[in-house]
Amino acid sequence: MLSHLLHLQGIESVVLETRSQQAVESTIRAGVLEQGTVDLLNQTGLGARLAREGAKHQGIRLAFDGEQHRIDLTELTDREITVYAQHEVLKDLIAARQAAQGQLLFEVEQVSLQQLESARPQIHYRHLDEDHIISCDFVIGCDGFHGICRAAMPGGLRKDYTRVYPFGWFGILVEAPPSCDELIYARHARGFALVSTRSAQVQRMYFQCDPQEKVEDWSDDRIWHELETRLENRNGWSLKQGKIFQKNVVGMRSFVTEPMRYKRLLLAGDAAHIVPPTGAKGLNLAMADVRLLAQALESLYRQGNWSHLDAYSEQALRRVWRAEHFSWWMTNMLHTQGESSSFQQRLQLSELQYMVKSRSAMTMLAENYVGLPF
Ligand code: DHB
């Protein structure tokens, strides 16, 4: 996305990706786009397929104690969300960069950063069995939590904030029609469950599990039994089952590094911060980061003005910490943590009851869920 935004401003960039295009375009991740993300894609000419295939949702359901409750996002905030898978966004972005003859290299190896102290940092890498060096004005680390860019920042100048959760999500993709026209976030004594969707034919569902859980230990029958149990309700709603064609387990972590810049190295997205998946903020936060970066670089190249770039880390981190809090809060409200905490379980139920009764509480959830304005 950053490469696309820079291209629209006439600024050259090279994207180095260690994985193959096929792997990038098929890795299953989250699927909820904030309105700000959708607006950005539309404004930059990438909204056509999204408009055709994405599903706009005006509300979500909170389920607990055998009842489902609707939160009307649009009535509360005048905004909506769009369900459109992250790898579909990536396909659209890659297609746009390739159509514009952008420099987009896949399966790059042995990437390292040099001369970070200088005004011309270098990226060394290997591609198609040849070694290369790029000298550039800026290195933007969009290389994820396990990437090399954050690690290249001097540790003493960085502060990391971390929280690892004692649970993960078991995710499945199912060939079935949607069970509901909106997402259902459910809290049950056995743990969290989420009913999401991908299309009229494919559904995405998750349930809280041990982070070490092995997919081989979960037969389709066992998965359906667990989901049915956690989603049982008195509203006459039932889950539509189908053929499960993908199973995976994701761990859950909150992480922020500060600052998001060292000289001419700037971090964006998961390279600088991770949220647990509850609330689907990851992609949206990365979009907000690169939007700020594109504006800051434009103002530098057009007007020689460094002030936006100098403010990047602080400005990005304000939104990051808001999303960190929201994702942590929603995770805590909906996940169970062993029998140790019957007190905690009562608090959770009390909070959920308040969430679906108080307009103020609902508005707080809705504003954060649809995303604060970019
Ligand atoms: C999805 C993922 C999320 O983390 C979430 O909060 C909602 C939906 C999804 O993959 O569909």
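Computed from a predicted model, the values in this text were never measured in an experiment.

Moving on, we come to the domain arrangement of the chain. For the chain, the domain assignment lists domain 1 (2-58 + 82-162 + 253-334) and domain 2 (165-251 + 336-370). Placing the centre of domain 1 and that of domain 2 at their C-alpha centroids yields a distance of 28 Å. On the side of domain 2, 28 residues touch domain 1, which itself brings 27 residues to the contact. When domain 1 packs against domain 2, close to 2,400 Å² is buried across both sides, 63% of that on carbon and sulfur atoms.

Right, let's talk about the side chain of T77 for a bit. Mapped onto the elements, T77 comes out in helix α5 (residues 73-77). Note on T77: relative accessible area 17%, which makes it buried. At 3.1 Å, the side chain of T77 forms a polar contact with the backbone nitrogen of R79. Each residue touching T77, except ones within four places of it in the same chain, is listed here: A366, E367 and V370.

Here we come to the nonpolar core. Formed by 52 residues in total, the largest nonpolar core has its most connected members in M1, L33, L41, M260, L309 and Y312. Looking at this core, the elements that each hand over two or more residues are α1 (2-8), α3 (35-43), α6 (86-99), β9 (122-127), β20 (265-267), α9 (282-303) and α10 (307-334). If one sorts the elements of this core by residue count, α9 sits on top with ten residues. Once residues within four sequence positions are removed from consideration, L309 is found in contact with F138, R261, L266, L293, A296, L297 and L300.

All right, on to the site of the ligand then. Looking at the ligand, there are 15 residues lining it, with Y185, S196, R198, Y206 and P277 nearest. Here an oxygen atom of the ligand sits 2.5 Å away from a polar atom, N or O, in the main chain of P277. Starting from 290 Å² of accessible surface for the ligand in isolation, the protein chains cover 99%. For the shell around the ligand, the elements supplying multiple residues, two or more each, are β14 (183-187), β15 (193-197) and β16 (202-209). Here the residues of the shell around the ligand sort into nine nonpolar, four polar and two charged. Among the domains, domain 1 (2-58 + 82-162 + 253-334) and domain 2 (165-251 + 336-370) are the pair contributing at least three residues each to the shell around the ligand.

Cis peptide bonds are those with omega within 30 degrees of zero, and the linkage from E258 to P259 qualifies with -5°. As for its position among the elements, P259 is in the loop between β18 (253-258) and β19 (261-262). Positive phi outside glycine occurs at D78, with the angle close to 70°. Relative to the helices and strands, D78 is located in the loop between α5 and β6 (81-83).

On to the environment of Y84, then. As for its position among the elements, Y84 is in the loop between β6 and α6. What makes Y84 buried here is its relative accessible area of 4%. In sequence terms Y84 and Q21 are 63 residues apart; their C-alpha atoms lie 19 Å from each other. Ignoring sequence-local partners within four residues, the contact set of Y84 consists of G31, L33, R49, L50, E53, G54, V89 and D92. Of the polar contacts made by the side chain of Y84, one reaches the side chain of R49; its length is 3.2 Å.

Here we come to helix α12 (residues 359-370). Because an α-helix completes one turn every 3.6 residues, residues spaced three or four positions apart along the sequence face the same direction. An ideal rise of 1.5 Å per residue puts 16 Å on twelve residues; α12 measures up with 16 Å between its terminal C-alpha atoms. Among the residues of α12, those classed as buried are A361, M362, T363, L365, A366, N368, Y369 and V370. Measuring from the backbone nitrogen of S360 back to the side-chain oxygen at the start of α12 gives 3.2 Å, which picks out S358 as the cap. Among the residues trailing α12, G371 stands out with phi positive, at a value near 100°.

Turning our eyes to something else, we now look at the pattern of salt bridges. All told, the structure shown has 21 salt bridges when counted by the stated rule. In this structure, R49 and D92 form a salt bridge, with 2.9 Å as the shortest nitrogen-oxygen distance. Highlighted residues: R49 in helix α4 (residues 48-53) and D92 in helix α6, separated in sequence by 43 residues. In this structure, R318 engages E314 in a salt bridge whose closest nitrogen and oxygen atoms are separated by 3.9 Å. Residue R318 and its partner E314 are located together in helix α10, separated by four residues, close to a single helical turn.

With antiparallel pairing, the three strands of this open sheet are ordered in space as β2-β6-β3. Two strands in the sheet have a free side with no partner beyond their single neighbour: β2 (32-33) and β3 (55-57). Bridge count between β2 and β6: two bridges; the pairing is antiparallel. Note that in β6 the partner of V32 across the bridge is V83.

Criteria and thresholds
Residues numbered from 1 in each chain as written. Predicted model: local features only at pLDDT ≥ 70, side-chain atom pairs only at ≥ 80, totals over all residues. Heavy atoms only, no water. Domains from an automatic or database assignment. Contact = heavy atoms within 4.5 Å. Buried area = accessible area lost by both parts, 1.4 Å probe. Helix = DSSP H or I, 4+ residues; strand = E, 2+ residues; numbered from the N terminus. Buried < 20%, exposed > 50% of the residue type's maximum accessible area, 1.4 Å probe, protein only. Polar contact = N/O pair within 3.5 Å; in protein donor to acceptor, adjacent residues only side chain to side chain. Core = buried A, V, L, I, M, F, W, Y, C linked by side-chain atoms within 4.5 Å. Near = heavy atom within 4 Å. Areas by Shrake-Rupley, 256 points an atom, 1.4 Å probe, with all protein chains shown as cover. Nonpolar A, V, L, I, M, F, W, Y, C, P; charged D, E, K, R; others polar. Expected span 1.5 Å × (residues − 1). Salt bridge = Lys/Arg side-chain N within 4 Å of Asp/Glu carboxyl O. Pairing = 2+ DSSP bridges.

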